[in-house]
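# Report on the structure
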Amino acid sequence: MIMDEAQIIELPKFLDRRGNLSVIEELDAVPFAIARTYWIYDVPGGEKRGGHAYRRNRELIVALSGSFVVTVDDGVSRSTFHLNRSYYGLYVPAGVWRQLSDFSTNSVALVVASEPYDRADYIENYKQFIAYAREKRRTGA
Ligand code: TYD
């Protein structure tokens, strides 16, 4: 399943008087096989995370607790997503510059990723990213 656009995916939720449960299953709620899961927490007020793109890695980002903002930029346009529900995931395709900001106190960002950690997959320079995105559009790759 290939999804080109960053978008919100609604995750299954099981409401119960004992509390709620949501689930992410690979190739179902998340459109890729899961290689890795990490989470970002204890972010001091005003800090930003991310600020890079991946060449191959695709992600689903969930605000497990609290709230934060994810800005995605495909080299042509920029979108902002406010995540504050643990049953919404933001799908971020490869080749997109993304940044997480405006973390509320005690927020936790869960990230489910399609690739193992590989620093060589990162594009960390914005100018380099713009050139990469332009080339990707030109070749349609
Ligand atoms: P990084 O991806 O640069 O964080 P962010 O984009 O949120 O600012 O990762 C921060 C540190 O954690 C860096 O030293 C690499 C390490 N790291 C891993 O070892 N494995 C991982 O899967 C991730 C995401 C990071």
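Residues numbered from 1 in each chain as written. Predicted model: local features only at pLDDT ≥ 70, side-chain atom pairs only at ≥ 80, totals over all residues. Heavy atoms only, no water.

## Side note on unusual backbone geometry
Note the cut-off: Comment: elements are numbered from the N terminus, with helices defined as DSSP H or I runs of at least four residues and strands as E runs of at least two. When accessible area is computed with a 1.4 Å probe and restricted to protein chains, residues below 20% of their type maximum are described as buried, those above 50% as exposed, and intermediate ones as partly exposed.
Its identity is not glycine, yet Asp 42 carries a phi of approximately 55°, on the positive side. You can see Asp 42 is positioned in the loop between strand 4 (36-40) and strand 5 (49-54). Judged by its relative accessible area of 64%, Asp 42 is exposed. For Asp 102, which is not glycine, the phi torsion reads 55° and is therefore positive.

## With respect to the site of the ligand
Keep this limit in mind: Residues are labelled near a given molecule or strand when at least one of their non-hydrogen atoms is within 4 Å of it. Counting of polar contacts relies on pairs of N or O atoms within 3.5 Å, with two restrictions inside protein: one atom must be capable of donating a hydrogen and the other of accepting it, and residues adjacent in sequence are counted only when both atoms are side-chain atoms. Following the grouping adopted for this structure description, the nonpolar residues are Ala, Val, Leu, Ile, Met, Phe, Trp, Tyr, Cys and Pro, the charged ones are Asp, Glu, Lys and Arg, and the polar ones are all others, Gly among them.
What surrounds the ligand is the set Arg 36, Tyr 38, Ile 40, Arg 49, Gly 50, His 52, Tyr 117, Arg 119 and Tyr 122. One nitrogen or oxygen atom from the side chain of Arg 36 is found 2.5 Å from an oxygen atom belonging to the ligand. Backbone polar atom of Gly 50 to an oxygen atom of the ligand: 3.2 Å apart, as the coordinates give it. Those elements giving two or more residues to the shell around the ligand turn out to be strand 4 and strand 5. Residue composition of the shell around the ligand, by class: four nonpolar, two polar and three charged.

## Comments concerning the packing of aromatic side chains
Applied cut-off: Only Phe, Tyr and Trp rings take part, Trp by its six-membered ring, and two of them pair if their centres are within 6.5 Å. Stacked means planes under 30 degrees apart, edge-to-face means over 60, and tilted covers everything else. Here, over-ring charges are defined by two tests on the NZ atom of lysine or the CZ atom of arginine: distance to the ring centre within 6 Å, and angle to the ring normal within 35 degrees.
This model, assessed by the stated rule, comprises eight aromatic pairs. Here the aromatic rings of Trp 97 and Phe 129 are separated by 5.6 Å at their centres, their planes lie at 45°, and the arrangement is tilted. With Trp 97 in strand 10 (residues 97-101) and Phe 129 in helix 1 (residues 126-139), this residue pair connects regions lying 32 residues apart in the sequence. No difference in accessibility class separates Trp 97 from Phe 129, as the two residues are buried. Relative to Tyr 122, the ring of Tyr 117 lies with its centre 6.0 Å away and its plane at 80°, an arrangement referred to as edge-to-face. For Tyr 122, a relative accessible area of 14% corresponds to the buried category. In this structure an aromatic cluster arises from ring pairing among Tyr 54, Tyr 117 and Tyr 122. Sitting over the ring of Tyr 87, Lys 13 keeps its end group 4.0 Å from the ring centre.

## Side note on helix 1
Note the following rule: One less than the number of residues in a helix, times 1.5 Å, gives the span that helix is expected to have.
Helix length check: helix 1 (14 residues) gives 20 Å between terminal C-alpha atoms against 20 Å at 1.5 Å per residue, within 8%. Where helix 1 begins, the side chain of Asn 125 points an oxygen toward the backbone nitrogen of Lys 127, at a separation of 3.0 Å. Looking one or two residues past helix 1, Gly 140 carries a phi angle of roughly 70°, positive in sign.

## Some details on the sheet that holds strand 11 (residues 108-113)
The criterion, for reference: We treat two strands as partners when DSSP finds at least two bridges between them. For helices, the fitted line uses only the C-alpha atoms of the stretch in contact; every axis is such a line through C-alpha atoms, and the angle between N-to-C directions lies from 0 to 180 degrees.
With antiparallel pairing, five strands are arranged side by side in an open sheet as 1-9-6-11-4. Of all the strands in the sheet, just strand 1 (7-10) and strand 4 have a single pairing partner and so form its edges. Adjacent strand axes in the sheet meet at a mean angle of 25°, parallel and antiparallel pairs treated alike. Pairing between strand 4 and strand 11: five bridges, direction antiparallel. Its bridge partner being in strand 11, Trp 39 is matched across the sheet by Leu 110.

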